[in-house]
Amino acid sequence: QVQLVESGGGLVQAGGSLRLSCAASGDIFSINAMGWYRQAPGKQRELVAVLNSGGSSNYADSVKDRFTISRDNAKNTVYLQMSSLKPEDTAVYYCNCNARGYGSSRYRDYWGQGTQVTVSS
């Protein structure tokens, strides 16, 4: 099993910045990718940004040029730097980790508990 611990959410005014962190621990042999998703009230969970082990990243169009995903491989930690925040960025942000444990041949998706980001206008 892999545990994900998120931090960094909160309340910020429009135009402000926040930095989310997510640390993975547990039975980790290899991590394929780590990323962030978000879910606003009444909406489906959507991809925000993902970073794979090769260093390639992918962003939702709505956050490009405002959010930056990065990763510390030594700490199995992924970060999401969010700038120029808008009220429509308000959501619960979930960390995702696609990892394989020792003795396993399959990669699995793991999820954090979620952290609330609220952007006031």
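Everything below is about the structure printed above this text.
Please read all numbers here as calculations on a predicted model, not as lab measurements. (Residues numbered from 1 in each chain as written. Predicted model: local features only at pLDDT ≥ 70, side-chain atom pairs only at ≥ 80, totals over all residues. Heavy atoms only, no water.)

1. Comments concerning the state of the cysteines
Stage number 1. Overall, the coordinates contain 1 disulfide when judged by the stated rule.
Stage number 2. In this model, Cys22 is linked to Cys95 through a disulfide, with the two sulfur atoms separated by 2.0 Å. Torsion about the S-S bond of the Cys22 and Cys95 cystine: about -85°, corresponding to left-handed handedness. A residue pair is termed long-range when its members are at least 10 positions apart, and Cys22 in strand 3 (residues 18-26) and Cys95 in strand 9 (residues 91-100) qualify at 73 residues.
Stage number 3. With relative accessibility at 0%, the residue Cys22 sits in the buried group.
Stage number 4. Not part of a disulfide, Cys97 finds its nearest cysteine sulfur in Cys95, a span of 6.8 Å. (Disulfide = S-S within 2.5 Å. Helix = DSSP H or I, 4+ residues; strand = E, 2+ residues; numbered from the N terminus. Buried < 20%, exposed > 50% of the residue type's maximum accessible area, 1.4 Å probe, protein only.)

2. A look at the packing of aromatic side chains
Stage number 1. Overall, the coordinates contain 2 aromatic pairs when judged by the stated rule.
Stage number 2. Summarising the aromatic geometry, the rings of Phe29 and Tyr102 are spaced 5.3 Å apart at their centres and angled 75° between planes, so their arrangement reads as edge-to-face. Placement of the pair is Phe29 in the loop between strand 3 and strand 4 (30-39) and Tyr102 in the loop between strand 9 and strand 10 (108-111), with a sequence separation of 73 residues.
Stage number 3. Between the NZ or CZ atom of Arg19 and the centre of the ring of Tyr79, over which it lies, the distance is 4.1 Å.
Stage number 4. Lying across the ring of Trp111, Arg45 places its NZ or CZ 4.7 Å from the centre. (Phe/Tyr/Trp six-rings, centres within 6.5 Å; stacked < 30°, edge-to-face > 60°. Lys NZ or Arg CZ within 6 Å of the ring centre and 35° of its normal.)

3. Here we look at the environment of Ser83
Stage number 1. Among the secondary structure elements, Ser83 is positioned in the loop between strand 8 (77-82) and strand 9.
Stage number 2. Take Ser83: its relative accessible area is 24%, and that puts it in the partly exposed class.
Stage number 3. For Ser83 and Gly15, which are 68 residues apart along the polypeptide, the C-alpha to C-alpha distance reads 7.0 Å.
Stage number 4. Not counting chain neighbours up to four residues away, the residues in contact with Ser83 comprise Gly16, Ser17, Arg66 and Phe67. (Contact = heavy atoms within 4.5 Å.)

4. Let's talk about the pattern of salt bridges
Stage number 1. Evaluated as defined, the whole model comprises 4 salt bridges.
Stage number 2. We note a salt bridge from Asp89 to Arg38, for which the minimum N-O separation is 3.0 Å. A residue pair is termed long-range when its members are at least 10 positions apart, and Asp89 in the loop between strand 8 and strand 9 and Arg38 in strand 4 qualify at 51 residues. Considered together, Asp89 and Arg38 belong to a single accessibility category, that of buried residues. (Salt bridge = Lys/Arg side-chain N within 4 Å of Asp/Glu carboxyl O.)

5. Some words on the environment of Leu20
Stage number 1. Along the chain, Leu20 falls in strand 3.
Stage number 2. Leu20 sits 70 residues away from Thr90 along the chain, and the two C-alpha atoms are 14 Å apart.
Stage number 3. Leu20 has contacts with Ser7, Gly8, Gly9, Trp36, Val78, Tyr79, Leu80, Met82, Tyr93, Thr115 and Val117, leaving out every residue within four places of it along the chain.

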